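What follows is the residue order along each chain.
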Amino acid sequence: MKNLKEVAIICMQELDKIGIPYREVEDFIINTRAKSRWGQCKTLPNGKFLISISNRLLEDDADIMGLKNTIIHELIHTCKGCMNHKSEWKMYAQKINNAYGYNIKRTSSAEDKGVRAIEKIRVINHKYVCEGCGQVVTRERDRGFEKRYSCGVCGKHFIKIF
């Protein structure tokens, strides 16, 4: 497994060389729960930042460039006016891409990052039947489906089976 903090230091040194004004990061942490995001930058109450990176990018068989792209992506968010992906953030990303040949962009796929894609398995936890036409609808989460929606076929209400 790659060492997140060591790679982060290398990334910060690269940004220092080309004058990217990232701000102080209190810590870099490994996120083992994220399934659909590669990294996240949070502002802490003390004005510093906390950057979390998906553990998938740290695996031995993952491409180091995917990890570096993500760390730098999140470091750009620490720059003043860059907590979004608007013009300031894009300007810094382009400067870094030009200087080092990175591919920093707003969103990236597993293929872009050089990691295996996770096959999403849909688990059906809730099943509803229309009281009018008998149409069956399944959902992963409940969220009050039968109270919020009516049947698109006949307009009647749904009844929860399980």
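None of the values given here were measured: they were computed from a predicted structure.

(A) Region of interest: the side chain of N69. Following the sequence through the fold, N69 ends up in helix α2 (residues 64–77). Look at N69 and you get buried, because its relative accessible area is 8%. Those residues within four positions of N69 in sequence are excluded, and the remaining contacts are Y102, N103, I104 and K113.

(B) Quick peek at the pattern of salt bridges. The tally for this structure, following the rule as stated, stands at seven salt bridges. Among the ionic pairs, D61 bridges to R116, the shortest N-O distance being 3.1 Å. With D61 in the loop between β3 (49–54) and α2 and R116 in the loop between α4 (110–113) and β4 (126–130), this pair connects stretches of sequence that are 55 residues apart. Of the two residues, D61 and R116, both sit in the exposed class.

(C) Structural detail: α2. For α2, with 14 residues, the first-to-last C-alpha span of 20 Å sits near the 20 Å given by 1.5 Å per residue. Of all 14 residues that make up α2, 12 are buried, and the element is covered over most of its length. Burial in α2 covers these residues: G66, L67, K68, N69, T70, I71, I72, H73, E74, L75, I76 and H77. Of the surrounding secondary structure, the elements contacted by the buried residues of α2 are α1 (4–17), β1 (25–31), β2 (39–43), β3, α3 (87–100) and α4. Of the residues that open α2, the one with a side-chain oxygen 3.0 Å from the backbone nitrogen of M65 is D63.

(D) Expanded view of the sheet that holds β3. Read from one edge to the other, the open sheet built from three strands follows the order β1-β3-β2, with strand pairing classed as mixed. Each edge of the open sheet is held by one strand with a lone partner, namely β1 and β2. Pairs of neighbouring strands in the sheet enclose a mean axial angle of 20°, with direction left out of account. Here five bridges tie β2 to β3, and the two strands are oriented antiparallel to one another. By the bridge assignment, T43 is partnered in β3 with F49. Together, β1 and β3 form the strand contacts of α1, whose direction differs from that of β1 by roughly 130°.

Cut-off values and rules
Residues numbered from 1 in each chain as written. Predicted model: local features only at pLDDT ≥ 70, side-chain atom pairs only at ≥ 80, totals over all residues. Heavy atoms only, no water. Helix = DSSP H or I, 4+ residues; strand = E, 2+ residues; numbered from the N terminus. Buried < 20%, exposed > 50% of the residue type's maximum accessible area, 1.4 Å probe, protein only. Contact = heavy atoms within 4.5 Å. Salt bridge = Lys/Arg side-chain N within 4 Å of Asp/Glu carboxyl O. Expected span 1.5 Å × (residues − 1). Polar contact = N/O pair within 3.5 Å; in protein donor to acceptor, adjacent residues only side chain to side chain. Pairing = 2+ DSSP bridges. Axes fitted to C-alpha atoms, helices over the stretch in contact; angles between N-to-C directions.

Honestly, that's just the spatial picture; any functional story needs more than this.
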